[in-house]
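# Architecture at a glance
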Amino acid sequence: MIPDKYLEENYCRNPDGESRPWCFTTSPSKRWDFCSIPRCKEQVIAPTEDCYEGDGSSYRGGMSETISGKKCQNWASMEPHSHSNTPQKVPKADLQENLCRNPDGERAPWCYTTDPSVRWEFCKIERCTSVPSSIVPELTCATGDGSSYRGTVAVTESGKTCQTWASQYPHEHSRTPEKFPCRGLEKNYCRNPDNERRLWCYTTDPETRWEYCAIPSCDTAPRTEEQVMAPTEDCYEGDGSSYRGGMSETISGKKCQNWASMEPHSHSNTPQKVPKADLQENLCRNPDGERAPWCYTTDPSVRWEFCKIERCTSVPSSIVPELTCATGDGSSYRGTVAVTESGKTCQTWASQYPHEHSRTPEKFPCRGLEKNYCRNPDNERRLWCYTTDPETRWEYCAIPSCDTAPRTEEQVMAPTEDCYEGDGSSYRGGMSETISGKKCQNWASMEPHSHSNTPQKVPKADLQENLCRNPDGERAPWCYTTDPSVRWEFCKIERCTSVPPSIVPELTCATGDGSSYRGTVAVTESGKTCQTWASQYPHEHSRTPEKFPCRGLEKNYCRNPDNERRLWCYTTDPETRWEYCAIPSCDTAPRTEEQVMAPTEDCYEGDGSSYRGGMSETISGKKCQNWASMEPHSHSNTPQKVPKADLQENLCRNPDGERAPWCYTTDPSVRWEFCKIERCTSVPPSIVPELTCATGDGSSYRGTVAVTESGKTCQTWASQYPHEHSRTPEKFPCRGLEKNYCRNPDNERRLWCYTTDPETRWEYCAIPSCDTAPRTEEQVMAPTEDCYEGDGSSYRGGMSETISGKKCQNWASMEPHSHSNTPQKVPKADLQENLCRNPDGERAPWCYTTDPSVRWEFCKIERCTSVPPSIVPELTCATGDGSSYRGTVAVTESGKTCQTWASQYPHEHSRTPEKFPCRGLEKNYCRNPDNERRLWCYTTDPETRWEYCAIPSCDTAPRTEEQVIAPTEDCYEGDGSSYRGGMSETISGKKCQNWASMEPHSHSNTPQKVPKADLQENLCRNPDGERAPWCYTTDPSVRWEFCKIERCTSVPPSIVPELTCATGDGSSYRGTVAVTESGKTCQTWASQYPHEHSRTPEKFPCRGLEKNYCRNPDNERRLWCYTTDPETRWEYCAIPSCDTAPRTEEQVMAPTEDCYEGDGSSYRGGMSETISGKKCQNWASMEPHSHSNTPQKVPKADLQENLCRNPDGERAPWCYTTDPSVRWEFCKIERCTSVPPSIVPELTCATGDGSSYRGTVAVTESGKTCQTWASQYPHEHSRTPEKFPCRGLEKNYCRNPDNERRLWCYTTDPETRWEYCAIPSCDTAPRTEEQVMAPTEDCYEGDGSSYRGGMSETISGKKCQNWASMEPHSHSNTPQKVPKADLQENLCRNPDGERAPWCYTTDPSVRWEFCKIERCTSVPPSIVPELTCATGDGSSYRGTVAVTESGKTCQTWASQYPHEHSRTPEKFPCRGLEKNYCRNPDNERRLWCYTTDPETRWEYCAIPSCDTAPRTEEQVIAPTEDCYEGDGSSYRGGMSETISGKKCQNWASMEPHSHSNTPQKVPKADLQENLCRNPDGERAPWCYTTDPSVRWEFCKIERCSSQVSPVAPMPTQSGHKPLAPSPAPSPIKASVPPSIVPELTCATGDGSSYRGTVAVTESGKTCQTWASQYPHEHSRTPEKFPCRGLEKNYCRNPDNERRLWCYTTDPETRWEYCAIPSCDTAPRTGQLLLKSD
């Protein structure tokens, strides 16, 4: 059903967004057709604002209909389309109701539609003038196919929202930003990453995979809607994939089958499976890349045909591409030829007989594998098929090429690019197979081989998928292989030459040893037929296709699966097990150098200087560096400097007289190695290499010896008895583990096997070497070093005795002889333990002696005779990087013993024998399991994780360290990623931490994880793309710094704004820095681990929250990110500013901050010490002090590590201390002023009342020692550090925890509870004693709440009752319940806000009286900021007002009744949440409190601002009601005393008088506590009294008059208090009507603060209750917007609408604005703002 589309009767309509009206027809042969209805012109456009200018952003007209006639969705609604363009989020866009607008910079006004199937459309509005709008190529329009378009349209031409390119939901795909990095695949914008004919995107509709986008073309004037929509199509372009016409008839006149139907032909090209192909009904389409539109026919005998549509060009119709001929490699061919070029019939693709295969229609659904037609499903070089001949698996098909006129057979063979020119750098063919048949690895993948030749790094090399290419100047196209054991190979592509096509390498001839040969010869050179490889008859063998899956063991074809010297096979003659095959070599036909399949040089003569072969791989398998290149190794052996050495490309050569051909490697950690080439020998034919003898370590040996050198029989490799092991044929399939033959599967130093003797696990086998005459065992084993050569510098023997018999001193020891020849200072000399060595060029090896009287002597070693000892490579010396070394040296070059590889002590590690089974990790021998630059081991020294070993090189004369190691580097180039120098110090002089160490800083930049970065020891490096070399420091307080190295040249680095630097606050920065300024790695924005947060890419889609790059999504002051450190929530990033020239290191790093401004909230310096020298506690830590000022809770305060900060508005930076006895202190930082350093505010003097004082004075002004605050002796008290955690109650120092007027302490004198302290004031110069001492307290100020004097007598002379006593009067004003009121003993106090100090009396007949204390003289009371008035938002206010601006009493913060809440003193300990006083704990715009009214959750308080002129006491105290009007029914003042001086009874109490005037029964009368009110229409306010003998009396309040006059004092009555004169009421201008109460009767601004009770919209509809979800469901609930006053159904503005509104109770009207008058019009006085009613 499609409602609201006016689908009446059979009228023409457009229910689904077609280009014009249409209908289904009554003709059975035609399902539907467009209707002939003329398009309207001017009548279509709506009046009022009937046109728009520019992009329509300023359009404010009344149109609410789209160009297709759809009704617009209300902007505030999420139905039917959820979105973020709401009036609240885009307030400036005027998103009223469902009117057409442009909130996001589209090209014209638009709206979401009410049609669930169409998300949005442009509106039916014309542009105003003929002035062309601003056209910005590639932003507002597209050129060509749109590949360069970078605009932000993210909707398809049908209105569907685009899927984010980085997402795989709802559609999985390969067009990701990672695979197409240069195609602008940002967010979900329309793009063309794969050269489609125009812009497109995947859609968020699961039913629609993708659609084109309607982006206008820049190439012409703006097009009409008709131009954007697909034109009428009566012909097709290209292959017709984009054809969307209405043809449904084939070229032979057959009717097309409906694509959704399986009758008469079943198929997979359905609208569901190929959504992008527009498979509507039975219309002609091309869903699978055919050469033209086609369809299945309704004729059961004809499956499909091309359609009766012409191509839109002059292509001759006689040649039908992809039907009668093939283009390219034939992948798109869909013809019906089913015969191979030799005439064999093709096997059906869906069949597995006679040949089983994987090229099935199911696995290759888009490759046209129909019937048995010739096809190319797997990117072969041309069309082919499996044959029905069991003896012939497959052959090519002879399909002519469409590329020219009919060509000869020779022309048909090769596809477009089946050869390469030059070195193949320009090759762009489709080959993805190597010369040995291995599949190529995808260039963008790091599996199985990690590499740097990625599409991103070599964009010009066209590194598509896994196609063969030449990105680095090799001699031919190549690729990395998918075989983990073979890193790379050249590809199976010939050079473009005139070689006759009859010679096909690896098919008609063989190269090298024939390992790659895949021809079909199956006869040996003596004429015997070959045995099938899969058969075990007549000869049993192990060369099966299962064990050698990559060696082409098909049928009985000649092959070389085991590296024989040439091709061979087992024979079908039972008498002849095997023979060689006579396959011609491809190398014989004379080819020019350009024909280069490797020349026939598989060995070298002499030293190899004349070698000109094609090898480019080293003995350890590393790829050779191009001789002309200086990357990664700089050198002087270039073709220009050594022209005679034939230094071509990266081929192995010997330009400098080495002992064999060699090359520099492409591995930055290995400079050079000898090549994998053998020396040419004249081995007699009786010796068969790898059968009767072994080469090298015997890895390739395939002989049948099965006995060890001691005569023990070998255990079968497949058996686990008598020895269990892991060297099985399954785990080592290519190592020839047949039967029990001697083998070397794991790179042992020679051949071996497990034995059948249970007592002997394994032994070596005595297989002779092919390299020379058989050597004796002595020659094979490492010789004993009992002599030295030359001066003995190379001696590495074990002698430790001098010629006189003295014992040698350990080289690392300074006892008994101090010296400088230590392992650290002479690392190359192998100064191990106390072994004899020659570190300083003496004439022979020597050592220091352990005899204190003999410093040194030569050692007891003879010089070697003229016979050179045998050098056994990989036992006594190492080749290359030592990966193959299997010797037994187990000491590092500094003499430390190696840790056993299988042990995890003292160092835990991952280089275990289990993880590196083939690397010889035996015992604790020096090894190189991870391709380090030379041999190494972990040490047994807990302080030294690992060191290199001093194993000599087998490569002849040792080269100096300078030749092997990179030259001295005292500067770096670029970002220093290639720096390999020896600097290990930072710019501030700190020592670098060892990269392999996790102390003091844990990190992930280890040598194991970043092997290419050369992270040696503690040397400066750049493993992560920083701007210069850096290191972690050994200073625990400084994670990392750049190193003390200069840049090499003066060329300024390229500055790219918003990529390499940031402008302003960095909001536009899109660079890739992902490390904070302290070196922490950034957390990915899309991740919620380790820190949960709301700054996600979904919520901030336009802020570039990609990966984990530094960004500023929320207008912070500079760039930042969440960190991956669970202890540090977030930190700023050190991105340089683009606003100036490149800055020095000092400019980039945060400036040195040695002082702070203001209160230090902006301080970002590095101080982490308090004023008393204590170390700061880490902000993220709860030890030793638990607190709430964590980086997570106060993210803007920059709470990094343990640095001094001011997160809570203290007067200066501070920190929690690591001293458990001192919670916190201010930091050792000065204010940035000229205050002399001798005066330290809050340490040597106090400001204000001393609340912030943190000095160490601990004596009162009378000289008494202060009692420790944490102690309850000699005085019990409540001012403990636990109850006042933020008041600095350390030890017994003078403090002011309770807002006393100045500093004080309890004393250690049992007779004196407390006294003031004589701390000088910081506010002036040092004052005299008189100024410092506190005046005698014989009067009180204000209401006496702050009175702390010693009076204990009432005005009538009665003695005061002790506050802690319940005799004679029981009460609740105890020291425990009112700790802040200082209820000491029986001293006069004011604990409950009375008008003056008072006390309970000891007279049982008089409960209480005011005290005999006068009010202080007429000096106007000071205005005390934060006590009598508030500054800013009131966060620092600590006054005692506890009434809201409407007169409601505040709820106690520690209480959860009547309102449950989270603003508790425990959660906000430093926000002064005492009692029920007005506070601002959560940065509201002003002071507030929860109310005791269950119906009113909270209200603001009317606290005057300190920022204006001084006001009188009356203005300060909440509200100015000291008189009443009329009968006093509206009186809301604070009087609680009757005219006779009696105290009023609480209205809620029934004691001493029972009554019915309770707050519950008379809710409108504001019957709070015991305040005077008039609930029953008496003539004036009154109350019940606490005197049981007097039920009630009128209150001591005058009626308001029009004159200002003081109130006469009341006469003194017996037993009562003399009445202080009441202050005069404040004058109020008569002309101001008292009925206007801001935020109650009118609204200010947008009405957010309005708390009135209007509940009707401006059209008269009743408002829906905010807590209700009926009739309208919504999210503006009191729970989600607790501070927005969503009471009952009153008009409110919870979401920053432009004015007050509400949901209505009318189901048809979701919401409307309310007509609340504005307070801004009528002039009001300041007094009105303070009034409460």
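Scroll up to find the structure.
In what follows, the accompanying structure is described.

### Considerations on the overall build of the chain
The secondary structure content of the chain amounts to 8 helices and 56 strands. Within the span of the chain, comprising 1733 residues, buried residues form 46% of the whole. The long-range fraction of contacts in the chain, counting pairs at least 24 apart against all pairs at least 6 apart in sequence, stands at 60%. Put simply, the chain shows about 84600 Å² of open surface, and 52% of that area lies on carbon and sulfur atoms.

### What to know about the environment of R20
Its location among the elements puts R20 in the segment before strand 1 (22–24). Put simply, R20 and I37 are 17 residues apart on the chain and 8.5 Å apart in space, counted from C-alpha to C-alpha. Apart from the residues lying within four places of it in its own chain, the contact partners of R20 are N14, F34 and C35. Reaching out from R20, the side chain makes a polar contact with the backbone oxygen of C35 at a distance of 3.5 Å.

### Observations concerning the nonpolar core
It is characteristic of soluble globular proteins that their nonpolar side chains tend to be buried jointly. Counting residues in hydrophobic clusters, the biggest one holds 18 residues, and the most contacted among them are C100, C123 and I125. Breaking this core down by element, the ones donating at least two residues are strand 4 (110–112) and strand 5 (120–122). When neighbours within four sequence positions are excluded, C100 is seen to be in contact with Y59, M63, S64, E65, C72, P109, W110, C123 and I125.

### Some remarks on the state of the cysteines
The term disulfide refers to a covalent linkage connecting the sulfur atoms of a pair of cysteines. Under the defined criterion, the tally for this structure stands at 44 disulfides. Across the disulfide, C1339 is cross-linked to C1416 (sulfur-sulfur distance 2.1 Å). Handedness of the C1339-C1416 disulfide follows from its S-S torsion of about 85 degrees: it is right-handed. Remark: C1416 occurs in the loop between strand 48 (1414–1415) and strand 49 (1488–1490) and C1339 occurs in strand 45 (residues 1339–1340); sequence separation between them is 77 residues.

### Describing the pattern of salt bridges
Taken as a whole, this structure holds 85 salt bridges when the rule is applied. Among the ionic pairs, D94 bridges to R60, the shortest N-O distance being 3.4 Å. In this pair, D94 is assigned in the loop between strand 3 (51–52) and strand 4 and R60 in the loop between strand 3 and strand 4, connecting sequence segments 34 residues apart. Among the ionic pairs, D1198 bridges to R1205, the shortest N-O distance being 3.0 Å. A residue is classified by how much of its surface remains accessible, and D1198, at 3% relative accessible area, is buried. With a relative accessible area of 1%, R1205 lands in the buried category. Through salt bridges with shared partners, one network takes in R543, D562, E738 and R743.

### Points about the packing of aromatic side chains
In this structure the tally under the stated criterion is 93 aromatic pairs. On the numbers, 5.3 Å between centres and 75 degrees between planes, the contact of W443 with W478 is edge-to-face. With a gap of 35 residues between them, W443 in the loop between strand 15 (419–420) and strand 16 (478–480) and W478 in strand 16 connect regions that are remote in the sequence. By relative accessible area, W478 is classed as buried at 0%. Ring centres 5.2 Å apart and planes at 75 degrees place the aromatic pair W811 and W846 in the edge-to-face group. One end of the pair, W811, is in the loop between strand 27 (787–788) and strand 28 (846–848); the other, W846, is in strand 28, and 35 residues separate them in sequence. Residue W846 is classed as buried on the basis of its relative accessible area, which comes to 3%.

### Quick look at the environment of T1662
Residue placement: T1662 occurs in the loop between strand 54 (1598–1599) and strand 55 (1701–1703). Judged by relative accessible area, T1662 falls into the partly exposed class, the value being 41%. T1662 has contacts with A1655, N1689, Y1703, T1704 and T1705, leaving out every residue within four places of it along the chain.

### Let's talk about unusual backbone geometry
Residues apart from glycine generally show negative phi values, whereas peptide bonds are mostly found in trans. Residue P1090 is bonded to the preceding Y1089 through a cis peptide linkage, with omega at 0 degrees. Relative to the elements of secondary structure, P1090 occurs in the loop between strand 36 (1046–1047) and strand 37 (1120–1122). Cis geometry marks the peptide bond from E1551 to P1552, where omega comes out at 0 degrees. With respect to the helices and strands, the residue P1552 is situated in the loop between strand 51 (1523–1524) and strand 52 (1582–1584).

### Notes on the side chain of R1651
By the secondary structure assignment, R1651 is in the loop between strand 54 and strand 55. Of the side chains with opposite charge, E1687 comes closest to the buried, unpaired R1651, at an N-O distance of 5.0 Å. A distance of 3.0 Å separates a polar atom in the side chain of R1651 from the backbone oxygen of S1648. If we skip the residues at most four places from it in the chain, R1651 touches W1498, E1639, L1640, C1683, R1684, G1685, E1687 and R1692.

### Remarks on the side chain of R727
Here R727 lies in the loop between strand 24 (678–679) and strand 25 (752–754). Reaching out from R727, the side chain makes a polar contact with the side chain of S726 at a distance of 3.1 Å. At 3.3 Å, the side chain of R727 and the backbone oxygen of P917 are in polar contact. Apart from the residues lying within four places of it in its own chain, the contact partners of R727 are W717, F732, L737, P745, D746, W752, Y754 and P917.

### So, the environment of Q1456
Locating Q1456 in the fold gives a position in the loop between strand 48 and strand 49. Among the residues examined, Q1456 registers a relative accessible area of 34% and is labelled partly exposed. Along the primary structure Q1456 and Y1490 are separated by 34 residues, whereas in three dimensions their C-alpha atoms are 9.9 Å apart. When residues no more than four places from it in sequence are discounted, the contact partners of Q1456 are Q1451, H1461 and T1464. Of the polar contacts made by the side chain of Q1456, one reaches the backbone nitrogen of H1461; its length is 2.7 Å.

Calculation notes
- Residues numbered from 1 in each chain as written.
- Predicted model: local features only at pLDDT ≥ 70, side-chain atom pairs only at ≥ 80, totals over all residues.
- Heavy atoms only, no water.
- Helix = DSSP H or I, 4+ residues; strand = E, 2+ residues; numbered from the N terminus.
- Buried < 20%, exposed > 50% of the residue type's maximum accessible area, 1.4 Å probe, protein only.
- Contact = heavy atoms within 4.5 Å.
- Areas by Shrake-Rupley, 256 points an atom, 1.4 Å probe, with all protein chains shown as cover.
- Polar contact = N/O pair within 3.5 Å; in protein donor to acceptor, adjacent residues only side chain to side chain.
- Core = buried A, V, L, I, M, F, W, Y, C linked by side-chain atoms within 4.5 Å.
- Disulfide = S-S within 2.5 Å.
- Salt bridge = Lys/Arg side-chain N within 4 Å of Asp/Glu carboxyl O.
- Phe/Tyr/Trp six-rings, centres within 6.5 Å; stacked < 30°, edge-to-face > 60°.
- Lys, Arg positive; Asp, Glu negative; His and termini not counted.

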